[in-house]
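Tertiary structure, described
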Amino acid sequence: MIGMMFVIGLFIVMGIFLINGKGSFLITGYNTMFPKEKEKYDTVALSKFMGKTMFALSFSMLFWVFSEAYEINWLFIIGLVLFIDIVVTMLVYINTGNRFKK
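Right, let's walk through the structure included here.

Definitions and cut-offs
- Residues numbered from 1 in each chain as written.
- Predicted model: local features only at pLDDT ≥ 70, side-chain atom pairs only at ≥ 80, totals over all residues.
- Heavy atoms only, no water.
- Patch = residues over 30% accessible without salt bridge, like charges linked within 9 Å, V, L, I, M, F, W, Y side chains within 5 Å.
- Areas by Shrake-Rupley, 256 points an atom, 1.4 Å probe, with all protein chains shown as cover.
- Salt bridge = Lys/Arg side-chain N within 4 Å of Asp/Glu carboxyl O.
- Helix = DSSP H or I, 4+ residues; strand = E, 2+ residues; numbered from the N terminus.
- Buried < 20%, exposed > 50% of the residue type's maximum accessible area, 1.4 Å probe, protein only.
- Contact = heavy atoms within 4.5 Å.

A cluster of nonpolar side chains, Phe76, Ile77, Leu80, Val81, Ile84, Val88 and Val92, forms an exposed patch at the surface whose accessible area comes to about 610 Å². With respect to the secondary-structure elements, Leu80 resides in helix H5 (residues 73-95).

Here's what the structure looks like:
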């Protein structure tokens, strides 16, 4: 449980960096782009979206902590479904349309 709390704290810290429009180096696909490709994207908007996503993921992981603390298995399932849903929704949102292109 302590390890999970550490991961949640790490996600929150990364979310704070990202939501302030900084920390684009934390975004893996963006980080590996060539500089000319990076110029095509709105870095601040992409960073803010990823920060909000990090907060949502850390919220869903709280269900896992409560599941372990109170020994209620269905809380873990709710947190896992929510986590997977957030990740899939994020991937679809980012990869459809030109939301973050300048």
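Still more ground to cover, so stick around.
With that out of the way, let us pick up the environment of Leu75. In this structure, Leu75 sits in helix H5. A relative accessible area of 13% means that Leu75 is categorised as buried. Spatially, the C-alpha atom of Leu75 lies 32 Å from that of Gly23, the residues being 52 residues apart in sequence. Here Leu75 is in contact with Phe63, Phe66 and Ser67, once residues within four sequence places are set aside.

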